[in-house]
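Residues per chain are reported as follows:
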Amino acid sequence: MSYVMNTYAQLPVTFVKGEGVWLWSDAGEKYLDALSGVAVCGLGHCHPRLAEALCRQARTLIHTSNIYFIEKQEQLAARLISLSGMEKAFFCNSGAEANEAAIKLARLYGHNKGVSLPTIVVMERAFHGRTMATLTATGNRKVQAGFEPLLSGFVRVPYNNLEAVRQVAVNNKNVVAVLVEPFQGEGGVNIPQAHYLHELRTICDEYGWLLMLDEVQSGIGRSGKWFAFQHSEIVPDVMTLAKGLGSGVPIGSCLARGIAANTFKPGNHASTFGGNPLACTAAIETLAVLEEDELINHASALGKFIHDRLESQLAGLDKVVEIRSQGLMIGIELAMPCTELVRRALEQKLLINVTSEKVVRLLPALVMKQEEAVLVVDTVCQLIKEFVVAG
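Residues numbered from 1 in each chain as written. Predicted model: local features only at pLDDT ≥ 70, side-chain atom pairs only at ≥ 80, totals over all residues. Heavy atoms only, no water.

Observations concerning the layout of surface pockets
Empty space among the atoms can be located by rolling a probe the size of a water molecule over them.
Then step 1. Estimates place the volume of the second largest pocket at around 840 Å³.
Then step 2. Lining the second largest pocket are 28 residues, and of these Q73, K88, A89, F90 and F91 lie nearest its centre.
Then step 3. Of all elements in the fold, only α3 (71-84), β4 (88-92) and β10 (252-256) reach the threshold of two or more residues within the lining of the second largest pocket.
Then step 4. It is α3 that provides the largest number of residues to the lining of the second largest pocket, a total of five residues. (1 Å grid on protein atoms, 1.4 Å probe; cavity = no way out; pocket = protein on both sides within 12 Å on 5 of 7 lines; lining within 4 Å. Points joined across faces, edges and corners; volume = space filled by probe spheres on them. Helix = DSSP H or I, 4+ residues; strand = E, 2+ residues; numbered from the N terminus.)

Examining the state of the cysteines
Then step 1. Evaluated as defined, the whole model comprises zero disulfides.
Then step 2. Unpaired in this structure, C280 has its nearest cysteine sulfur neighbour in C92, at a distance of 11 Å.
Then step 3. Residue C280 is classed as buried on the basis of its relative accessible area, which comes to 0%. (Disulfide = S-S within 2.5 Å. Buried < 20%, exposed > 50% of the residue type's maximum accessible area, 1.4 Å probe, protein only.)

Comments concerning the sheet that holds strand β2 (residues 22-25)
Then step 1. Pairing within the open sheet is mixed, and its four strands lie in the order β1-β2-β3-β13. For this open sheet the edge positions go to β1 (15-19) and β13 (350-351), each flanked by a neighbour on one side alone. (Pairing = 2+ DSSP bridges.)

Examining empty space enclosed by the protein
Then step 1. Inspection of the entire model under this criterion finds one cavity of 30 Å³ or more.
Then step 2. Around the largest cavity sit A39, V40, G42, V216, Q217, G219, I220, R222, K243, G244 and L366, which together line it.
Then step 3. When the residues that make up the lining of the largest cavity are grouped by side-chain class, the tally is five nonpolar, four polar and two charged. (Nonpolar A, V, L, I, M, F, W, Y, C, P; charged D, E, K, R; others polar.)

Re the sheet that holds strand β12 (residues 329-334)
Then step 1. In space, the four strands of this open sheet follow the order β11-β12-β15-β14, with antiparallel pairing throughout. Each edge of the sheet is formed by a strand with only one pairing partner; in this case those strands are β11 (320-326) and β14 (353-355). Across the sheet, the mean angle separating the axes of adjacent strands is 25 degrees when strand polarity is ignored.
Then step 2. Sheet contacts for helix α10 (residues 295-314): β11 and β12; angle to β11, the most-contacted strand, approximately 170 degrees. (Axes fitted to C-alpha atoms, helices over the stretch in contact; angles between N-to-C directions. Contact = heavy atoms within 4.5 Å.)

Concerning the UniProt feature "binding site: pyridoxal 5'-phosphate" (unreviewed entry) in the protein
Then step 1. With numbering aligned to this structure, UniProt lists the feature "binding site: pyridoxal 5'-phosphate" (unreviewed entry) at G95, A96, F127, D214, E215, V216, Q217 and T272. On the basis of their most widely separated C-alpha atoms, the annotated residues across 178 residues do not gather in one place, lying as much as 24.8 Å apart. Set against the largest cavity, the annotated residues named above that line it are V216 and Q217.
Then step 2. Relative to the elements of secondary structure, D214 occurs in strand β8 (residues 210-214).
Then step 3. The exposure class assigned to D214 is buried, which follows from its relative accessible area of 4%.
Then step 4. The residues contacting D214, other than those within four sequence positions of it, are N99, F127, H128, L179, V180, E181, P182 and T240.
Then step 5. Looking at D214, its side chain comes within polar contact range of the side chain of H128, at 2.7 Å.
Then step 6. Excluding anything up to four places from it in sequence, V216 contacts G95, N99, T240, L241, A242 and K243. (UniProt positions renumbered as here; feature names shortened; annotations may be inferred. Polar contact = N/O pair within 3.5 Å; in protein donor to acceptor, adjacent residues only side chain to side chain.)

See below:
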């Protein structure tokens, strides 16, 4: 693409049509999508109910400014609050913007408490976005390199290490919040110990910190619950959403409860496009289809089926370090860099991803059928076997 900035190492294929978990290229070739736009298209491609809802709304009203009341925004906020147990919602356009809102909220919360240098605890291997604040919060030097100086106001600890958080609590009186992914996606599909979020909730309560969960990838049913924190039976103070919320229409949200819900005042934060009628319609319809078609339970059951089949076919392969999954967030860690598998899968007309250089990541649409999952697993396992033998 001669006129587009060179920010992506793009694969040699152009898609022109989608239906369910299938995509068709401009050459007329059919591909099985096991990535769903990196956890975005939870309803698959071109879901008929979503398409019709968007057409109706586009013929009625696409955008108004947030200086006016937006009925669809209030409707969506009410639904998200009902599902999550939160109290207030701010709408934006992406996961990075949702996390940026959470970071700003935490800093304002800290200043309101008299903390002059509010600090947020973040995690190694985390990914929160590519704006300057979210890039700083991200625990990946590779994506930060070249963009220094990064921002102050963050202290980093290992993921899934509660003792490290407790040490920070003792030694740093400026901490006001913890920002963490319930399950790390970009960092390698890392699943913490079962009591991790519960203990983080306890620490935050003890020290008066906000517990802020980045559910940009893990939310909206992908983990087998509406939100990943619901596996731990705790409720955060702040939660961010995006990706699957609009099924491909850009929308993000920062939800909050308690004191965090009322920290922002008019003029503290804003978004030109955030929560406009078209984007909110996409999210409202997405949530309705997920509920009515019982796709959350399906994601849980299908995720277990995929995990078990992967373990069965890859058992005894010493180059397979671990298979990790929660719902339809699935990672296969190899003992060697394996980004080459993305190209090899593409040649087999299968779309997958490799993250953290060594983790094959599968993020299928929540509408994927079992027979389609079988095709994904069998193809991936064959590719891995051939790759590790050749390596």
